[in-house]
Amino acid sequence: MKTTTLLEVSKVNIHYGTNCVLEDIDFIAPAHTITAIIGPSGCGKSTLLRSFNRTNELITKTRRTGDILLEGREINDYDPLDLRARVGMIFQKPAVLPTTIYENVAVGPRLYGTRKKSELDEIVEESLTGASLWKELKDRLHKRAEQLSGGQKQRLAIARTLALKPEIILFDEATASLDPISTQKIEDLMHRLKETTTIIIATHNMKQAARASDNTLFLMAEEGEPSRVVEFGPTELIFTNPKVEKTELYITGRFG
Amino acid sequence: MTSVMRKIVDRMMFALFIFIAAVVTAFLVYFIFYIVSRGYTAFSWTFLSTAPHGIKMEGGVLPMIVSSVYLTLLTLLIAVPLGVGGGIYLAEYAGKGRIVESIRFAIDLLSSVPSIVFGLFGLVLFVQVMGLKYSMLAGALTLTLMVLPIILKISEESFRAVPDAYREASLALGATKEQTIFRVVLPTAIAGILTGAILAAGRAFGETAAVLYTAGMAPLAPVSPLEGGRTLSVHLYLLATTGHLEEAYRVAVVLLVIILLFNLASNWIMNRYRRKFVSEAI
Amino acid sequence: MKRSRRVSPTQAVLFMMTLISVVGLALIFFFVIREGYPIFSKVGLGKFLLGREWLPTRGLFGALPLILTSLMLVVGSVLVATPLGVGLAIYMVEYSPRPVRRFLKTIVELLAGIPSVIFGFFGITVFIPLTRHYFGSSGFGLIPAIVVLAIMILPTITAVSGDAIRAVPRENRLIVQALGGTRWQTVRRGVLPSAFRGIITGTILAEGRAIGETMAVLMVLGNAPMMPKALNQPAAAMPSQIALDMAYATGDHRVALFALGAVLLVFAAVLIFAARRVGRQRR
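Residues numbered from 1 in each chain as written. Chains lettered and ligands numbered in written order. Predicted model: local features only at pLDDT ≥ 70, side-chain atom pairs only at ≥ 80, totals over all residues.

Counting secondary structure elements, chain A contains 11 helices and 10 strands. Over its C-alpha atoms, taken along the principal directions, chain A stretches across nearly 55 × 40 × 40 Å. Counting across all 256 residues of chain A, residues that qualify as buried make up 46%. Considering only residue pairs separated by 6 or more positions, chain A has 69% of its internal contacts joining residues 24 or more positions apart. (Helix = DSSP H or I, 4+ residues; strand = E, 2+ residues; numbered from the N terminus. Buried ≥ 20, exposed ≤ 12 C-beta atoms within 10 Å, placed from the backbone. Contact = placed C-beta atoms within 7 Å.)

Scanning chain C from N- to C-terminus turns up 11 helices and two strands. Referenced to the eigenvectors of the C-alpha coordinate spread, the extents of chain C come out at roughly 70 × 65 × 30 Å. The long-range fraction of contacts in chain C, counting pairs at least 24 apart against all pairs at least 6 apart in sequence, stands at 72%.

Tallying the contact residues gives 69 residues for chain B and 64 residues for chain C. For the side of chain B that touches chain C, the element with the highest residue contribution is helix α1 (residues 2-39) of chain B, accounting for 17 residues. Counted by class, the side of chain B that touches chain C contains 50 nonpolar, 12 polar and seven charged residues. (Nonpolar A, V, L, I, M, F, W, Y, C, P; charged D, E, K, R; others polar.)

This paragraph deals with the nonpolar core. The biggest cluster of nonpolar side chains holds 184 residues, and the ones touching the most others in it are B:Ile151, B:Leu236, B:Ala252, C:Leu149 and C:Val220. No other element matches helix α6 (residues 142-166) of chain C, which puts 16 residues into this core. Residue contacts for B:Ile151: discarding those within four places in its chain leaves B:Ala79, B:Val80, B:Gly83, B:Val84, B:Gly196, B:Ala197 and B:Ala200. Of all hydrophobic cores here, the second largest spans 76 residues; its members include A:Leu6, A:Phe91, A:Ala209 and A:Met220. (Core = buried A, V, L, I, M, F, W, Y, C linked by C-beta atoms within 7 Å.)

A few words on the interface of chain B and chain A. One frequent convention defines the size of an interface as the accessible area lost when the parts assemble. Contacts between chain B and chain A engage four residues on the former and four residues on the latter. Broken down by class, the residue content of the side of chain B that touches chain A amounts to one nonpolar, two polar and one charged.

Residue and element names in this part refer to chain B. In contact at an axis separation of 6 Å, helix α3 (residues 62-93) and helix α6 (residues 136-161) are set at 35° when each is read in the N-to-C sense. The interaxial crossing formed by α3 with α6 has right-handed handedness. In terms of residue class, the contact of α3 with α6 is made up of 21 nonpolar, seven polar and three charged. (Axes fitted to C-alpha atoms, helices over the stretch in contact; angles between N-to-C directions. Left-handed = near helix turned anticlockwise from the far one by under 90°.)

To continue, consider the pairing of strand β1 (residues 5-16) of chain A. Residues and elements named next belong to chain A. As paired strands, β1 and strand β2 (residues 19-30) are joined by eight bridges and run antiparallel to one another. Paired with His-15 across the bridge in β2 is Cys-20. The antiparallel pairing of β1 with β2 creates a hairpin that spans two residues between the two strands, and Gly-17 there sits at a positive phi of about 65°. Note: β1 against strand β4 (residues 62-70), eight bridges, orientation antiparallel. Its bridge partner lying in β4, Leu-7 is registered against Leu-70. (Pairing = 2+ DSSP bridges.)

A separate point is unusual backbone geometry. Residue and element names in this part refer to chain A. Positive phi is not limited to glycine here, since Asp-24 has a value of about 55°. Here Asp-24 shows up in strand β2. Unlike most non-glycine residues, Glu-173 shows phi in positive territory, near 50°. Here Glu-173 shows up in the loop between β7 (168-172) and α8 (180-193).

Here the focus is the environment of A:Val21. All names here are of chain A. Structurally, the position occupied by Val-21 is in strand β2. In sequence terms Val-21 and Gly-44 are 23 residues apart; their C-alpha atoms lie 6.6 Å from each other. If we skip the residues at most four places from it in the chain, Val-21 touches Ile-14, His-15, Tyr-16, Gly-44, Thr-47, Pro-226 and Ser-227.

Residues and elements named next belong to chain A. For strand β3 (residues 34-38), the buried fraction is high: five of the five residues fall into the buried class. Burial along β3 is two-sided: the face carrying Ile-34, Ala-36 and Ile-38 and the face carrying Thr-35 and Ile-37 are both buried. Pairing of β3 with strand β8 (residues 198-202), which is carried by four bridges, proceeds in the parallel orientation. Note that in β8 the partner of Ile-34 across the bridge is Ile-199. Of the strand pairs in this sheet, β3 and strand β9 (residues 215-221) are connected by four bridges, and their pairing is parallel.

With that out of the way, let us pick up the environment of A:Ala85. Mapping A:Ala85 onto the fold places it in helix α3 (residues 80-86). On the neighbour-count criterion, A:Ala85 (24 C-beta atoms within 10 Å) is buried. Sequence spacing of A:Ala85 and A:Thr196 is 111 residues, and the spatial spacing of their C-alpha atoms is 15 Å. Sequence-distant contacts of A:Ala85, that is, excluding residues within four places in its chain, are made with A:Leu164, A:Pro166, C:Leu179 and C:Gly180.

Rendered as structure tokens:
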């Protein structure tokens, strides 16, 4: 079992305007693992996550110092568009494009110039299968995607991302608006997706982090200070035998 | 390869959009420059203060300015109270019932009636049936129907833009609904209403087809609302289609400048109002 | 706010004021149809709408040439103005920095405010010579009319489709952007599909403006009420023919002009109806 480091984050500070929101963030995400970023709301989980595929540049004006390396190469040296194809993202709000289920999955390959129907058919089937949607939806591929349930929409978003065969998939509070059964399905899915990709999730749901992840990164801010890493390590250790007292207090729900 | 292609396409589309924006802007600039550069002699006291004479319509445009202003003011006099009243009703009283829905549909339909059809209608009802002949009043009544939807819509919008907190505060002080509307909501929405009125004035001032057969074409300055007159726009039409281009440029300049002033005024009010409103809210 | 179900006098008066629009609209339909109806009973509705000859002096009232010309003007001007108008709206909403956007908004508003008679005049002095130069003939005809109309309806298309584009939720853009889509791909895949109905609504409203436009068309079309044969030949449209002939028409001729007005009303009403249907369905 090779444990190559896919994503390496070191000494990262993120500023928003003149405010520093994240300071001195260090962690690594080995290939084929699930890393959970936890912490109280407003601690910058999403901001950090979004900086991995540079989608935060699209939303707010943030500034970063320090290194984020994908396969050893600084992500700012990648073309941002190519980077986003390699580092997919699932958002909190289950959103679909106002078109068919098929087109929602095919949109990614189409962006990169895949036109042949047979090729697209194959990618759509593969991606929907990968997102555990193929059996449910294979007879409704050309129906509107808006009709799907929230959980299905979120898995469709995963299929859409899978269609580009990303190396990393970022889940930004992706189950926050779903019911427990849909959440369960997504967590099962993450587990299976580990075989082909690497996953990083931002979640405020500690049980989810405990259930689903291999490693956990716990972020928190002192009053009036930027967020820092409180603890990073294997999820089992963090949740059963944390080294820092604050971690224990937080995961046992005594604050945060 | 495709990665390069899509970026090239992206660049090309960006260039295309800039090009479109530039073409539209350049057109308007050229349009204004073209007319003004040929008709700027309109900016002379004689032209603005004398009547045309002779078969070639030389001389000034005073009667046309009087007719246009007369007609526009008379139209506003009738249309603004009606439009604002209707706007108040739609914003403050109307619910979501079928009747209100059909009223809204009728307003939409009215705004889509071609201007020449307004002219036909005005000719039958006001000029002939009501016996007003070609007159300022017949023209103004016709134009009223034409601009009513604009005033209605804009005043309804500006009433809706007034925060509910204002109404609640007024009602909490014991004011009746009517008092609230007329003493609190109406003054707050006044800038919007003014904008609507100016837009309507611009439409009325520049309108030709609806005026041709209701206010008439007589090149005389009207005094009573029962007299007809020839507006600047009708004058421009007649000059341009009879080959008096030199005079036509000058009339076009006068018309264009006044319309642009209307536009700038409504923009200015809207911007000022927004700033004021925001600072008040904070 | 609802203290009693009793209607106050103020409310009644305001309601009456609102009703003026409805009454006005009804009167317009009533009078225009009443004045125009006799021609339908005289020559027959079918012969009026499908007749190929409009020769009032010989008592021939076939409106087909006028209707066809009007339709050609609508189709032509919308074909020209839609790419420009929608492109401008996309640029304003998706690309331009705020000061540029405000500047362009002013430009579009100014364009919308210019009276049609000035456009017609500009058409006579600029587009007619150009058409004459490049397409031969007298210069008057469908080409300059389509160009002038396209300019006149552009603000409508830009305003309505701009609203529709602005209303597209940010998530749709984010979906495409997160897949690595370029700016144009984001617009094309994430924005335009959702804004499609709004854009169509804009073009339908623009068609309504184009079919009713009178003065500008009257001044550049050449006003020859014959079946349109070529784009560079003079033709006559419904509204412009009404405006032109009304100056001297009497008897059946006058009635026929009102009948044309009624046909125009129906076209405009159908378009508004279509615009409302298309604009509504989504919500």
